[in-house]
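# Structural characterization, general
Here are the chains, one letter per residue:
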Amino acid sequence: MEAIRYRLARWMDNPLLRKELRQRMRSGRTVLALSLYLFIIGAVAFVFMYVNVQGQTLLLQPARTADLFTFLSYLQLAMISFVTPGIASGVISGERERQTLTVLLTTPLSPASIIFTKFVTSISFLLLLIVMTLPLYSIVFLFGGVVPSQVLAVFGLQIVTLGAIASVSIFWSTWLRRTGWSTVFSYATVAALFLGLAVAGYLFDNIANHSSDEAVWGLMSGICYSLNPIYMQASLEASLGFTSPVFHQSIVSSVFSVVQIHDLSSTASWQSFFYLYLGGSALLLVSCIWRLRPGTFAVLRKRLLRWLLR
Amino acid sequence: MITTENLCKRYGKTDAVRDLNLDVRAGTVFGFVGENGAGKTTTLSILATLMLPTSGRAFVGSAEVTTEPAAVRRMIGYMPDVFGVYDDLSVREYLAFYGTAYGVGAAQIEERTKELLNMVNLEDKADGYVNALSRGMQQRLGLARCLMHDPPVLILDEPASGLDPRSRIEMREIIKGLRQRDKTVLISSHILPELADMCDEIGIIKRGALVACASVEVVTARVNGHRQICVEVLAGGLAMADALARHPYVSEVLTCEETRVDLLFAGTERDQVELILDLTAAGYQVKTFREVGGSLEDLFLHLTSDAHAAEQSASALEGSAAGQMA
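All of the points below concern the structure found in this document. Note that the structure is a prediction, hence the values are computed from the model and not measured.

### Here we look at the packing of helix 9 (residues 148–175) of chain A against helix 10 (residues 179–209) of chain A
All names here are of chain A. Axis separation between helix 9 and helix 10 bottoms out at 8 Å; the angle between their running directions is 145°. Every pair of crossing elements has a handedness; the one defined by helix 9 and helix 10 is right-handed. Packed against helix 9, whose contacting residues are Thr161, Ile165, Val168, Ser169, Trp172 and Ser173, the element helix 10 presents Ser182, Phe185, Ser186, Thr189, Val190 and Phe194 at the interface. Here the contact of helix 9 with helix 10 is built from residues that sort into six nonpolar, six polar and no charged.

Shown next as structure tokens:
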């Protein structure tokens, strides 16, 4: 335990982390963005409640607060998918364009610590946004229908998604020289994850209906849906008992029906989601470390060989 | 302090650096000269652990750059030819960031920031933002940044490039001041006369290969041994050319016209004064008597103009350097 605490303290003493957080958090734009986001989420929550209770808060039923929770959580997922690439897609290419990367690489900071710091600072702003909305979610607790563990489960899923999007964006930022291209590729990857997989799943479902290999196409469709954060969040909310679609919209109903048809709440679906998102993120970040200084692994290999021969 | 052994770097079919053998002694200021694309920046990048060589080895102190890059990084302060600064950081925070990155303690950072800002004449800008500084100030700050962890070796890639004359002189004076700090400095530049003023030794690189390497005295002596002089007279230039051709210190009359003679002079400055007096005494009405070129730049152009000539000059220079060292 003491060793972990020491390592954590040492890591927190990382000068790049302190510099990045200081630079990000002390600008006026950050305060403005935080305030604006809270205002929008607050306004949405207020309008949602007002429409449902017509000004009489006693009329608010637990089922309705579950709807509000579902709505807010999807709004937050949309925010994550839009804002994360914007923040993370320039972390390395921006350093390269500002011509500060060369100097940074000649300091004793390792490429791994640079990439990991960039990852943490990229997601820290979004994490702050998520944490800031917790008081708004407490409105949901006030009227019942949702318990804290359910909220935490949805937040957990969103944090994994956030980490994956940040990793993808940092990957493009490290491998492409220009921030412009990195941003385009990051958003394209997010679009492929959120929309592309949904379209592919829908396509495979339709093929399955007219094919003799229904099981195979159905399985492929299920994989596509199980890798899509929108459907996995729906599966989480469905498994928590939120079967009432928000505003009874047909598109939301279709998402929940896909969850039931393909049994996305199953362990297998969650395993494939977590394996891809966590494992994929780790692989992408490792490739970024290699790209940042190609000699890193050669040195590590030599050290390992020397250690083994000893 | 800095050594390379048959260092090579190849990009596809292009050899950026070919069998480069450098030996920069501790405490010296070594000037690395070459045309654009000659391989200077590639060599410095390899030494700064930013790039892996295709073959050969490079050492800073006793640490090899490919196998012990972390040790090399702690020993060097590297300033690239073009570098940016972070927005929203004050000069003090900028230096503190790099100091902390090298593991310098908080008390030492405070002390060194004060000392280095004083050295680079930026003490009044300590609380200003780095992106608000002029180019010259940013270059000086970059040099201060290199010194934050007090490294024994400094690798400076064209530190005066893009600076106005005043900033260039300021930068030159600061680099000259590094001698007192007992630093080994490897500096690349195109501005050869400035290098002669700052450096103890000079290496000339052409197409990735070192074509000449000697002390500044040896190089300067060689340049001075073959100074090109232009003599302009009101009349009688052709007759004067005959007389000059017989002069013991005139190695060659290059061109002669009625009013102008160009020659190669091998004597000292005192011999030069005597030649002027002799010409005047012989009745030639000397209008101007001036050196044409005759600088390190000429030697550089000469060495880098033709491969054969370069090799000859290199062997001659290396021979003189070896003789001087012996």
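Next, the rest of the story.
### What about the pattern of salt bridges?
Applying the stated rule across the entire model yields 18 salt bridges over all chains. Between Arg25 of chain B and Glu201 of chain B there is a salt bridge whose closest N-O contact spans 2.6 Å. In this pair, Arg25 of chain B sits in the loop between strand 2 (14–24) and strand 3 (29–34) while Glu201 of chain B sits in strand 9 (residues 201–206), placing the two residues 176 residues apart along the sequence. A relative accessible area of 44% places Arg25 of chain B in the partly exposed class. Residues Glu173 of chain B and Lys176 of chain B are paired through a salt bridge, measuring 3.6 Å at the closest nitrogen-oxygen approach. In this pair, Glu173 of chain B and Lys176 of chain B are both assigned in helix 6 (residues 165–177), three residues apart and thus about one turn of the helix distant. By relative accessible area, which is 24% here, Lys176 of chain B ends up partly exposed. Here the residues in one salt-bridge network are Lys19, Glu20, Glu95, Arg98 and Lys118 of chain A, joined through shared partners.

### What to know about the interface of chain B and chain A
In this complex, chain B contributes 28 residues to the contact, which on the side of chain A involves 24 residues. Here chain B meets chain A over a buried area of about 2500 Å², counting both sides, of which 62% is carbon and sulfur. Area buried by chain B at its contact with chain A is led by Arg73, Tyr86 and Phe97 of chain B, which between them contribute 24% of it. Our count for the contact surface shared by chain B and chain A stands at two salt bridges. Remark: the boundary between chain B and chain A carries six residue pairs in polar contact (both at pLDDT 80 or more). Every element with two or more residues in the side of chain B that touches chain A is listed here: helix 2 (69–75) and helix 3 (91–101) of chain B. Broken down by element, the residue count for the side of chain B that touches chain A peaks at five residues, all from helix 3 of chain B. Of the residues belonging to the side of chain B that touches chain A, the class tally is 16 nonpolar, six polar and six charged.

### Section: the side chain of Gln76 of chain A
All names here are of chain A. Of note, Gln76 is situated in helix 4 (residues 62–88). Taking relative accessible area as the criterion, Gln76 reaches 0% and is therefore assigned buried. Ignoring anything within four residues of it in the chain, the contact list for Gln76 reads Tyr37, Ile130, Thr133, Tyr137, Phe155 and Gln158.

Here is what the cut-offs are and how they apply
- Residues numbered from 1 in each chain as written.
- Chains lettered and ligands numbered in written order.
- Predicted model: local features only at pLDDT ≥ 70, side-chain atom pairs only at ≥ 80, totals over all residues.
- Heavy atoms only, no water.
- Axes fitted to C-alpha atoms, helices over the stretch in contact; angles between N-to-C directions.
- Helix = DSSP H or I, 4+ residues; strand = E, 2+ residues; numbered from the N terminus.
- Left-handed = near helix turned anticlockwise from the far one by under 90°.
- Contact = heavy atoms within 4.5 Å.
- Nonpolar A, V, L, I, M, F, W, Y, C, P; charged D, E, K, R; others polar.
- Salt bridge = Lys/Arg side-chain N within 4 Å of Asp/Glu carboxyl O.
- Buried < 20%, exposed > 50% of the residue type's maximum accessible area, 1.4 Å probe, protein only.
- Buried area = accessible area lost by both parts, 1.4 Å probe.
- Polar contact = N/O pair within 3.5 Å; in protein donor to acceptor, adjacent residues only side chain to side chain.

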